[in-house]
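# Reading the structure
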Amino acid sequence: QLQLVESGGGLVQPGGSLKLACSPSEFFLNNYAIGWFRQAPGKEREGVACISRSGGSTHYTDSVKDRFAISRDNAKNTVWLLMTNLKPEDTGVYYCGADQKPFSGCRIQAYDSWGQGTQVTVSS
């Protein structure tokens, strides 16, 4: 399995913004679709936003549409997740995953390489 590294999490007030970054430790991202997933305490990991290898296709879960934006720069070997208008229900550990197969959105079974996660807490 390949190792990814997430960064950018933290504590933010409701309505605030955070920008997460996902970078690999020892491989190039341009061969992989990348997805951001989150896991809240006591809940299953869910797909939040995913992007194809070229960046031409994206998928968002309904609860984050119009608030989150996923983007990638293959030259910088990084994928970002810009999160705006954050809500308490966005709290959780955010993971990025890599999928070398044809893009299938945020189907979690397709992603087989993961990072260690970064904590996002939305609270006043």
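Residues numbered from 1 in each chain as written. Predicted model: local features only at pLDDT ≥ 70, side-chain atom pairs only at ≥ 80, totals over all residues. Heavy atoms only, no water.

## Some words on unusual backbone geometry
What counts here: Here's how the labels work: a residue is buried when its accessible area is under 20% of the maximum for its type, exposed when over 50%, partly exposed in between, all with a 1.4 Å probe on protein chains only. Numbering goes from the N terminus for both helices and strands, where a helix is a DSSP run of H or I of at least four residues and a strand is a run of E of at least two.
The residue D66 is not glycine, and still its phi comes out positive at about 75°. Overall, the relative accessible area of 82% leaves D66 in the exposed class. In this structure, N77 is a non-glycine residue whose phi angle is positive, near 55°. Looking at the element boundaries, N77 is found in the loop between β7 (68-73) and β8 (78-83).

## Re the sheet that holds β7
Put simply, the test is: Strand pairing is defined by DSSP finding a minimum of two bridges between the two strands. A fitted line through C-alpha atoms represents every axis, and for helices the fit uses only the stretch in contact; the resulting angles, taken between N-to-C directions, go from 0 to 180 degrees.
Pairing in this open sheet of four strands is antiparallel, and the strands run β1-β3-β8-β7 from one edge to the other. Looking at strand neighbours, the two that pair on one side only are β1 (4-7) and β7, the edges of this open sheet. When the angles between neighbouring strand axes are averaged without regard to direction, this sheet yields 15°.

## Notes on the pairing of strand β5 (residues 46-51)
For β5, the buried fraction is high: five of the six residues fall into the buried class. The hairpin turn running from strand β4 (residues 33-39) into β5, its antiparallel successor, is six residues long, and G42 in that turn takes a positive phi close to 80°. Count of turn residues in the β5/strand β6 (residues 58-60) antiparallel hairpin: six residues, of which G55 carries a positive phi of about 90°.

## Some points on the nonpolar core
The condition is simple: Only buried Ala, Val, Leu, Ile, Met, Phe, Trp, Tyr and Cys residues count toward a nonpolar core, and they belong to the same one when joined by side-chain atoms within 4.5 Å.
Among the nonpolar cores identified, the biggest contains 26 residues, and I34, W36, L81, M83 and Y94 are the most heavily contacted of them. When residues of this core are traced back to their parent elements, those giving at least two are β3 (18-24), β4, β5, β7, β8, β9 (92-99) and β11 (118-122).

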